[in-house]
Amino acid sequence: GPLTPRRAAFDGSLRRLRLLAWTEPRRHLAGYVRQVRLVQELKENDAKCRQAMDSGLYLLFHRLAPFVQRHNSGYRATWLPAAEALRVLDVGGQPPERLHDAVLLDCTPDLTPRFALDTASCANKGALEAALDGSFMKMRSAFFLLSGKDAHMLSKGQALLRWHGDHRFSGRSGRLSLRDASGSKRTCPDTGHVQYPQMAPVVIVLVVDGDRCLLARKDIHPPGMYSTIAGFCDIGENVDMAVRREVAEEVGVTVSSLNFVFSQHWPFPSSSMMLACHAVAEEGHTEQISVDTTELEDARWFSRDEVHSAFSRPVPPEALSGWAVSSPEESSQAAPGDVPFWVPPKWTVAHWLIREWIQVPKLGLMSR
Ligand SMILES: NC(=O)C1=CN([C@@H]2O[C@H](COP(=O)(O)OP(=O)(O)OC[C@H]3O[C@@H](n4cnc5c(N)ncnc54)[C@H](O)[C@@H]3O)[C@@H](O)[C@H]2O)C=CC1
Ligand SMILES: [Mg+2]
């Protein structure tokens, strides 16, 4: 029969997952309404948005690489005031009008608008880095080195800047389309056709069968890492259809029930909306996994104990740096088998889906 997605109501444990969503605490509710309404106004009013750029805060990028600074023993994202952003443009030999290339991200509780600006027009990246005392880092590295909040804002900024770079021309007329002041849409000058920034919906699912869960790896993954099943939604599908199809396609297992758990924006390789679920394997269909080897290198059942010990082992650093790879050439060269089984690092949906299952023993039975 049809699957019924349900919002899982795990007390307490779901609160930790909210770390990934960055919703404002309740006490700021009235302020929150003012915040979102201001953002909406800036999206609709070009003159007001350009004016807001003079007093905004900026995250800088260079050819989509986010600017980060050393902080304590790690790194942090840096919000520059408009005057600083203008100084950087000046160092890069660019006129102040370039500030208007920025895209609107959000605004702070004290109603300061925040933007992302790509300094790609400044050819000398090194000069900018020297002037700023920091560096432009590849997103794949920055995402895992920063706090969750910083990683989220950088991935949002990069996603929006990338979208503009990839959608410069109208799909209707082929002419250069025009962005609005906030960067929240592009309009075709001939036809008036409007395009909005897009995310691709992706389902990601931890399939469980009693006391074991199904994990898989691709050949581009670093050695030893097994993750959850994931796949892009086909056009016209809902979440349950996509989960059911992806699991059947990739590992030949059918699932009988499904809990939607949470969602996350994922910047790699471009913008995805990860819809994270737990699903229960259909009884009698769990013994033979048939792996689609065009997509996966291996898939197998892991016991709760195996997964538990994977969480308690430190992740090898070389494995971590190879995690978010996009092509086999980029992936780590260590031979498989050298590294014991480990799960994807924090800030990944896969990590939280697996952790949640470990911490809530009855999870797999919730909607049976
Ligand atoms: N944050 C996390 O924990 C994880 C995130 N992911 C992400 O989920 C996404 C989907 O996972 P896959 O197994 O690669 O998907 P998948 O199983 O759908 O296979 C990828 C193939 O789908 C096709 N495809 C259909 N629509 C597409 C679209 N809009 N963009 C790109 N390809 C599309 C392409 O032929 C592509 O080769 C990836 O972007 C991956 O980075 C995957 C696992 C864990
Ligand atoms: Mg897949």
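Our structure is the block above this text.
Positions within a chain are numbered from 1, following the residues in the order the chain's sequence is written. Working convention: letters from A go to chains and numbers from 1 go to ligands, in the order in which they are written. Confidence filtering applies because this is a predicted model: local features only for residues at pLDDT of at least 70, side-chain atom pairs given and counted only at 80 or more, and all residues used for totals across whole chains, interfaces and linings. Side-chain figures throughout are based on the complete set of non-hydrogen atoms in the structure, without hydrogens or water.

### Examining the environment of Asp110
Every helix listed is a DSSP run of H or I at least four residues long, and every strand listed is a run of E at least two residues long, numbered separately from the N terminus. Along the chain, Asp110 turns up in the loop between β6 (103-107) and β7 (113-118). Buried, partly exposed and exposed residues are distinguished by accessible area as a fraction of the type maximum, computed with a 1.4 Å probe on protein chains only: under 20%, between the cut-offs, and over 50%, respectively. When its relative accessible area of 59% is taken as the criterion, Asp110 is described as exposed. Expressed as a C-alpha distance, the spacing of Asp110 and Tyr32, which sit 78 residues apart in the sequence, is 9.8 Å. Distance and chemistry together define a polar contact, namely a pair of N or O atoms within 3.5 Å, with one atom able to donate a hydrogen and the other to accept it when in protein, and with adjacent residues in sequence counting only for side-chain atoms on both sides. Side-chain polar atoms of Asp110 contact the side chain of Thr108, separated by 2.3 Å. Engagement of the side chain of Asp110 in a polar contact is seen with the side chain of Thr112, the distance being 2.8 Å.

### Some thoughts on the packing of aromatic side chains
Side-chain rings of Phe, Tyr and Trp (the six-membered ring for Trp) are treated as a pair once their centres are within 6.5 Å; stacked means planes under 30 degrees apart, edge-to-face means over 60, and tilted covers the remaining angles. Applying the stated criterion across every chain, the model contains 9 aromatic pairs. Measuring from centroid to centroid gives 5.3 Å for Phe143 and Phe144, while their planes differ by 80°, and the two rings are edge-to-face. Residue Phe143 shares its accessibility class with Phe144, and that shared class is buried. Ring geometry for Phe143 and Phe268: centres 5.4 Å apart, planes at 80°, overall edge-to-face.

### Let's talk about the site of ligand 1
Put simply, a residue is near a molecule or strand once any heavy atom of it comes within 4 Å of that molecule or strand. Taken together, 18 residues surround ligand 1, and among them Lys218, Phe232, Glu250, Glu295 and Ala350 come closest. Here an oxygen atom of ligand 1 and a side-chain polar atom of Lys218 are 3.0 Å apart. The separation between an oxygen atom of ligand 1 and a polar side-chain atom of Glu295 is 2.8 Å. Isolated, ligand 1 exposes 840 Å² of accessible area, and the fraction of that covered by the protein chains is 63%. When residue character is reported, Ala, Val, Leu, Ile, Met, Phe, Trp, Tyr, Cys and Pro are called nonpolar, Asp, Glu, Lys and Arg charged, and the others, Gly included, polar. Class assignment for the residues of the shell around ligand 1 results in 11 nonpolar, 3 polar and 4 charged. A 1.4 Å probe and the Shrake-Rupley method give the accessible areas. Residues count as covered only by the protein chains that appear here.

### Describing the coordination of the magnesium ion (ligand 2)
Six octahedral donors around a metal ideally sit at 90 or 180 degrees from one another, while four tetrahedral donors ideally sit at 109.5 degrees. Looking at the metal site, the magnesium ion (ligand 2) is ligated by Ala230 (O), Glu250 (OE) and Glu295 (OE), spaced 2.2 Å from it. Donor residues for the magnesium ion (ligand 2) sit on one chain with the sequence pattern A-x19-E-x44-E. Of this pair, Glu250 sits in helix α8 (residues 239-251) while Glu295 sits in the loop between β16 (272-281) and β17 (298-303), and the two are 45 residues apart along the sequence. The class for Glu250 is buried, based on a relative accessible area of 2%. Residue Glu295 is classed as partly exposed on the basis of its relative accessible area of 30%. We call an atom a donor if it is N, O or S and sits within 2.8 Å of the metal, or 3.2 Å for Na, K and Ca. Water is not counted, so some sites may look partial.

### Examining the pairing of β6
Of all 5 residues in β6, 5 are buried; the element is thus mostly enclosed. The pairing criterion is simple: DSSP has to find at least two bridges between the two strands. Relative to β7, β6 is paired through 4 bridges, and the arrangement is antiparallel. Among the inter-strand pairings, Cys107 is bridged to a residue of β7, identified as Pro113. What sits between the antiparallel neighbours β6 and β7 is a turn of 5 residues, in which Leu111 has the positive phi angle 65°.

### Focus: the nonpolar core
Put simply, buried Ala, Val, Leu, Ile, Met, Phe, Trp, Tyr and Cys residues joined by side-chain atoms within 4.5 Å make one nonpolar core. Within the largest apolar cluster, 45 residues are counted, with the highest numbers of intra-cluster contacts made by Leu154, Leu206, Leu215, Val307 and Phe341. Whether two residues touch is decided by their heavy atoms; if any such pair falls within 4.5 Å, the residues are in contact. Here Val307 is in contact with Cys213, Phe302, Phe341, Ile354, Trp357 and Ile358, once residues within four sequence places are set aside. Judged by nonpolar contacts, the second largest core, of 26 residues, contains Leu80, Ala102, Leu117 and Leu128.

### Quick notes on the sheet that holds strand β10 (residues 186-187)
One open sheet accounts for 3 strands, arranged β9-β10-β11; its pairing is antiparallel. Looking at which strands have only one partner, the edges of the open sheet turn out to be β9 (178-179) and β11 (194-195). Both β9 and β10 contribute to a ladder of 2 bridges, which runs antiparallel. Across the sheet, Leu178 pairs through a bridge with Thr187, a residue of β10.

### Some thoughts on the pattern of salt bridges
Put simply, a salt bridge is a Lys or Arg side-chain nitrogen that is within 4 Å of an Asp or Glu carboxyl oxygen. For the structure on display, the rule yields 15 salt bridges. One salt bridge in this structure joins Asp190 and Arg175, with 2.6 Å as the shortest N-O distance. Note that Asp190 is positioned in the loop between β10 and β11 and Arg175 in the loop between α7 (148-166) and β9, a separation of 15 residues in sequence. For Asp190, a relative accessible area of 46% gives the class partly exposed. Note that Glu306 and Arg300 form a salt bridge whose closest N and O atoms lie 3.7 Å from each other. In this structure Glu306 comes out as partly exposed when scored by relative accessible area, which is 30%. For Arg300, a relative accessible area of 33% puts it in the partly exposed group.

Just geometry here; none of it tells us what the structure is for.
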